[in-house]
Structures are given as structure tokens and as C-alpha cells.
Amino acid sequence: MEKISVAVRFRPPTTAAPAADQSPSSTGGDREWRVDDDTRITLLHRSAPVPGASFAFDHVFDGAATNERIYGVLVRSLIRAAVDGFNGTAFAYGQTSSGKTFTMNGSGDHPGIIPLAVRDVFDTAREVSDREFLIRVSYMEIYNEEINDLLTLGSEKLPIHESLERGVYVSGLREEIVNSAEQVFKLLELGEANRHFGETNMNVRSSRSHTIFRMVIESSAKNHMDSGDAIRVSVLNLVDLAGSERIAKTGAGGVRLKEGKHINKSLMILGNVINKLSENGKQRGHIPYRDSKLTRILQPALGGNAKTSIICTAAPEEIHVEETRGTLQFASRAKCVSNCAQVNEILTDAALLKRQKQEIEELRKKLQGSHSEVLEQVILKQRNDMHKSELERDRLAMELDEERRLRETLEHRLAEQQKMLDGISNTSISPDQFTDSIQFESLKTPTSKERPAEFVASRANYSKDVEFSPIPENLGTVADEDLWMQLNKGCVTDLEMLEMTPGFKCATSLADDKASVATPDEEPIDARCQRLEKDCTADRQQLEDSKAWRAALEEERDTLKRENSSLLDALAKARQDADRLVADRLEALRELDMEKSRMDELKQEIKLFSQAFSLRQGQLTSLYTKSKAIVENCKTSQLALP
């Protein structure tokens, strides 16, 4: 475990007058910051230390410190570690107009950390004589929580992905293979021209986005590629964060106000991540890396596999005391975060250097004895084209997988909708097919078997107990008292206590039926009419409810049909997109084959060039020999003359 290296840099004070709306009382009196022993800083109020406002860091730089000194103290060791295979990250944090961009990018006479680190990477790689390096760079910005590629116009809103081989990466980001610092500086100029800047009350050229300059450094032992040795792959992130803003001081409005909100939100999430990481293990809980694209990309550098250095910039003016205090509190919490950095070695073919070395090794051997810088540039261009083709192929494969998953989801939903439609078609009942409610009720599932009309049960009361009930051989359609006596041996069966199927609407017992049949005139006519009218009303209500239920089912069926149609359209569109992606992939493969054929042609041209060079060298040697012989003959002739 290794602690994050944290330093604080105070920019020189400005001569600008305070804002008109800030009186001395609003700034809290005569307050100033004092640096002690280059490691501690204390807030003083009228030359007296303020309680709880003293902070200790690895390094504290005053306004006289230069970018070269800060780089040498804080970042140079990080660059050496990155060349050796460790991941590294360095970023500047602070309020707006506190000097972050100057610290990272610098100016013409005072280069910042990024240009110094670029030169140091190539110088350090040249010093390592037993390893061969392949370096590629990319440059991106996070503007309003969207990732843009600064090296390619139109590459906006790029997604973030994660894999076992590459870790957290931005899909579709342009990467350029470089072999000199000058090439990197040209790419940086291109990226700075595409970056978002704006003017506020506190800064004429204020950064409106977070920028991440990334260098991927791959290295392998020379002359050991065929032995299966591991490839070291390290990622170096140099980050220039946009500054936190107070609307009252910046006077931002409109687009600038929207940009400031996104900047403050991402910096707040970065502070939350640092707060969680600074807590101990039991109280840490969930770390919100995914709440912001900035923390998601920098996840390996915050508590992960990387060496990290943070430069917190601050303004010394009294009107910025509260913002400076917040920056120092962030730096104090970041000082408690630990990373677990280790050398990154890859044994598979995932390393770009291992894939390309075999194809270029033969060309390099033939070019070692000749002065052909043009051919070296051609080879570098071919390597970049091959890398771009591989990135495009990966992107197309990823899009094809996403389209395939989307198509499977649509097919699954379509099958479910079809099942629901089939179920509705099978279970829908049309009450209009029946003439009256009695016919409709007759189609319902019966709850019990009907009793035959000719079967009349008549019995007497018996009280004899028996042990069993013999079944007679012959049963007629009329049960008399002798039959009941033979069946039950005198046991009385209370038909009212028998458990009937629930929902069976009938008379309570056979005795009641008998009574009702025997004496039909006992119920008054008016009461019977009222009862029948109530039954008819209930039947009509039930019929109306059935009609409403049927209408609801038909409406749901129509809705499902419309959804089914839309899903079919989406599925057809997804299939068209999948076919298009397959065609694009085939086209990319054809282009890759064409590039390979061009490489073969280049190899053939180099071979012819080598043969012509050897032939020319032989001719020059023969001409030199003949010339020498002629000179010797001339000398001999001159000596022979008297």
C-alpha cells in the first residue's frame, strides 16, 4: 500500500482590486496564509493562528516556485515508474483562476507538467537500452458530463466500458502511435484548439471542461519476443481539472452557468469519493465511482492500481480564503487515501507491441544500415493505420454484440406478447351470443351434479347405531323407508350438515325441495315475483359486468396488438442495423486485408530497394577499384618518365 502524494501550490497574488460587492467585513478581517518548513500551512488572523486551520502535506510551494521545480519534486519519479510498468496519474485541483492550467500546460517560456512529462518519457525510454518501447497517446475532455475526443472533430458523447484486459476505457477514442516528443506536442496543440474555454469575471480564459491526456507505454525485452516474455503495459494520466466556481464571483449566466453546474457537480462527486476512501474499512461503504464520468475514468488512480500525485492550487488573496480552506481540506483527506500499485505485465497477445513486432522486425533489420527516414515514417504510418483498423474492428464487434442482445430482448418480448394475445383470444367470452341471462348462466361450470327429478328420497327418523352399512344389490329409482333402513340401519342422515361444493346455489336440503314441490302455493305470488325480479336484475347486472369486462379485454388486446406491431418494427430495424454492422465489419476486414497487401507491397519494395542498394554498392566498389588502379597506373607512368 502506498499513500497518494499531495502537494499545495500558491500562485502569486494578483494586483486586481477586490470586487465591489465584497467589503472588508465580508472577508473576515486581516487574514493570510503562512507557509512553514515547506510542508505545513497555517491561516493567520491578524498574525495569530486560527484554531483548526493548520494543514500538513508532502510539499507546499509558494508563489515563487516554478513548474520545473514542482515537476522535479512531485512528478519525475511518477514518470520513471510509468516507464517501468506502473500506472501513474497526476492532476491539478483547485478553484477557478488558481493556476491549474498553467501548472499542467505551462506557457512558452515556462513549460508545465504535461510537456515536461512527455519529454521525460521519451528520454527515459532511450536510456533503457535492454527494452523496446511502443507509445501511443490520446486526448479527451469531459464537457457537461459528456466525453469528447479532442483529436477528432465530431467524436462526441463517447461511452465508457470496462474489460478484464483493458480495465476502464473510453470506447471509440482515437489513439496515435508516436515515436518522438515533437509528434506529441503537435497532437496537444490540436487538442487545445478543440477544447472548450470561456471568459468569466475571474478568468479571461477559463477552462470549461476537464481534460485527460493519456499515454499508454508498452515495453518488452529486446530480442526476446519469441520466448513468451511478458509485455509491460502502463497507463499515464495527466489531468487538468476545471476549477470550482461561485456564481457570485464568476458572474456566470446562460451557457457559462450550465457549464459551472456540471463542473461543480463532478468535483463534488470527486470529493465524495475521496471522503469515502479516506475512511477506514468498516465505515467506508459504497464508493460512488459511477456517479461521474471523471471518477469513473480515474477509478484506478483513486484507491486502485496506480501511483497518484495531486497538486492542489490555491489563491493567496483574502477574498478567496474560504475557497482555499475547502481546497486544503480536500487535500488533507486525499493524503489519507492509499493505492496498491504494481507492475502491469501481459502474457497474452493483447499487447499491441507483441502483435506488431513480428510484422515489422524484418523491415527494421533491413533499414538499420541505410539512411531512409522517409521509409521510417511510412512504417510508422502503417502501424497507426493498423492500430486504427483494430480499434474500428473492436468497435464494430461491440456494436454488433449490443444489437444482438437488443434483438434477443425484442424477440423475447414479442414471444411474451404473442402468448398474452393467444390467451386473450382463447378466454374472451361474448355475452351477446346468448338470448337471456338464464342461458348465459347455464354455460358456467357446474358446482355439483344435478339430482334426477324422479329420484325422491323419503325416510323416517331412526336412532339405532350400526357398525356398517351394507349396500343392497338392487337399487330402484325410488328410495323408501325400507331402503334407508337397509342402508343406514336406522342412522339418521342430516342432509343439511352435508358439505356441498362452494358456490352451488340450491335449496338447503332435499326435505326443503320436497316441501317446496309438495306445497308450491305456500309462497305468495307477490313475493315470488319480487324475488324473480331481483334475480333478473342481478342477472342483467352480471351481464353488463361481463360486457364491460369483454370491452376491457378487447381494448387490452388492441393495445397488445399495437405493441406487437411496434416491436415487430423495432425488430426489423434492429435486424437492418445488424445487417449494416455486419456489412461494415466485412468492409473493415476488406480494408484490413488491403492494408496487409499494401504492407506486403511495401516489403517487396524494400526488398527491391535493398537489392538495388547492394547492386549500387557493388558498382561503386568496382568503380572505386578501377579508379584506384588507374591512379596507380598514372603514378607508375609518372615515375617511369625521366
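All of these numbers come straight from a predicted model, not from anything done at the bench.

Reading the values: the criteria
Residues numbered from 1 in each chain as written. Predicted model: local features only at pLDDT ≥ 70, side-chain atom pairs only at ≥ 80, totals over all residues. Heavy atoms only, no water. Helix = DSSP H or I, 4+ residues; strand = E, 2+ residues; numbered from the N terminus. Contact = heavy atoms within 4.5 Å. Phe/Tyr/Trp six-rings, centres within 6.5 Å; stacked < 30°, edge-to-face > 60°. Buried < 20%, exposed > 50% of the residue type's maximum accessible area, 1.4 Å probe, protein only. Lys NZ or Arg CZ within 6 Å of the ring centre and 35° of its normal. Axes fitted to C-alpha atoms, helices over the stretch in contact; angles between N-to-C directions. Parallel < 35°, antiparallel > 145°, perpendicular 65-115°, else oblique. Left-handed = near helix turned anticlockwise from the far one by under 90°. pLDDT = per-residue confidence, 0-100. Salt bridge = Lys/Arg side-chain N within 4 Å of Asp/Glu carboxyl O. Pairing = 2+ DSSP bridges. Polar contact = N/O pair within 3.5 Å; in protein donor to acceptor, adjacent residues only side chain to side chain.

A. Structural detail: the overall build of the protein. A tally of helices and strands in the protein yields 15 helices and 21 strands. Sequence separation of 24 or more characterises 72% of the internal contacts of the protein that already satisfy a separation of 6 or more.

B. Layout of the packing of aromatic side chains. Summed over all chains, the structure comprises 4 aromatic pairs. Ring geometry for Tyr 139 against Phe 213: centres 5.8 Å apart, planes inclined by 85°, an arrangement best described as edge-to-face. One end of the pair, Tyr 139, is in strand E8 (residues 131–143); the other, Phe 213, is in strand E15 (residues 210–221), and 74 residues separate them in sequence. Under the relative-accessibility criterion, Tyr 139 is labelled buried at 2%. Between Phe 609 and Phe 613 the ring centres are 6.4 Å apart and the planes differ by 25°, which places this aromatic pair in the stacked class. In this pair, Phe 609 and Phe 613 both sit in helix H15 (residues 525–640), 4 residues apart, roughly one turn of the helix. Residue class for Phe 609 comes out partly exposed when judged on its relative accessible area of 39%. Residue placement shows Lys 307 over the ring face of Phe 86; its charged tip is 5.1 Å from the ring centre.

C. Region of interest: the packing of helix H1 (residues 67–83) against helix H3 (residues 113–127). With their axes 10 Å apart at the nearest point, H1 and H3 run at an angle of 40° to one another. Classified by the angle their axes make, H1 and H3 are oblique. Two packed elements cross with a definite hand, and for H1 against H3 that hand is right-handed. Each of Asn 67, Glu 68, Tyr 71, Val 75, Arg 76, Ile 79, Arg 80 and Val 83 in H1 lies in contact with H3, whose residues at this interface are Ile 113, Leu 116, Ala 117, Asp 120, Val 121 and Thr 124.

D. Representation of the confidence of the model for the protein. Mean pLDDT over the protein works out to 77, with 74% of the residues at or above the 70 mark. Confidence over residues 497–521 falls short of pLDDT 50; this stretch has 17 contacts with residues more than four positions distant or in other chains.

E. Up close: the pattern of salt bridges. Considering all chains together, one arrives at 23 salt bridges under this definition. A salt bridge links Arg 76 to Asp 120, with the shortest nitrogen-to-oxygen separation between them at 3.8 Å. Of this pair, Arg 76 sits in helix H1 while Asp 120 is found in helix H3, placing the two residues 44 residues apart along the sequence. Given a relative accessible area of 10%, Asp 120 falls into the buried group. A salt bridge links Arg 580 to Asp 584, with the nearest nitrogen and oxygen atoms 3.5 Å apart. Of the two residues, Arg 580 and Asp 584 are both situated in helix H15; the distance of 4 residues between them amounts to about one turn of the helix. Overlapping salt bridges bring together Arg 31, Glu 322 and Arg 325 as one network.

F. Local environment of the sheet that holds strand E4 (residues 40–45). Spatial strand order, E3-E4-E5: 3 strands in an open sheet with antiparallel pairing. Bordering the open sheet on either side are strand E3 (31–36) and strand E5 (48–56), each of which pairs with just one other strand. Along the sheet, successive strands turn relative to each other by an average axial angle of 25°, direction set aside. Where E3 meets E4, 6 bridges bridge the pair, whose relative direction is antiparallel. By the bridge assignment for E4, Arg 31 is matched with His 45. On top of the sheet, helix H9 (residues 321–334) reaches E3, E4 and E5; it is set at about 35° to E3, its chief contact.

G. Focus on unusual backbone geometry. Residue Ser 47 is not a glycine yet carries a positive backbone phi of 70°. Within the secondary structure, Ser 47 is located in the loop between E4 and E5.

H. Representation of the environment of Asn 87. Along the chain, Asn 87 falls in the loop between H1 and strand E7 (88–94). With 149 residues separating them in the primary sequence, Asn 87 and Leu 236 have C-alpha atoms 5.8 Å apart. Filtering out sequence-adjacent residues up to four positions away, Asn 87 remains in contact with Val 233, Ser 234, Val 235, Asn 305, Ala 306, Lys 307 and Asn 344. Here the side chain of Asn 87 touches Asn 344 through a polar contact of 3.1 Å, side chain to side chain.

I. Fine view of the pairing of E7. For E7, the tally of buried residues reaches 7 of 7 residues, placing the bulk of the element in the interior. Alternating positions in E7 separate into two faces, Gly 88, Ala 90, Ala 92 and Gly 94 on one and Thr 89, Phe 91 and Tyr 93 on the other, with burial throughout. The sheet contact formed by E7 and strand E16 (residues 231–240) spans 5 bridges and is parallel. Within E16, the residue paired with Thr 89 across the bridge is Asn 237. The pairing of E7 with strand E17 (residues 307–314) spans 7 bridges and is parallel. Its bridge partner being in E17, Gly 94 is matched across the sheet by Thr 313.

J. Region of the structure containing the pairing of E8. Of all 13 residues that make up E8, 12 are buried, and the element is covered over most of its length. Where E8 lies against E15, 12 bridges are found, and the strand directions are antiparallel. The partner of Arg 136 across the bridge, within E15, is Val 216. Across 3 bridges, the pairing between E8 and strand E12 (residues 176–178) is antiparallel. Looking at E12, one finds that Ile 135 is bridged to Val 178. Connecting E8 to the next strand, strand E9 (residues 146–149), in antiparallel fashion are 2 residues, including Asn 144 with a positive phi near 55°.

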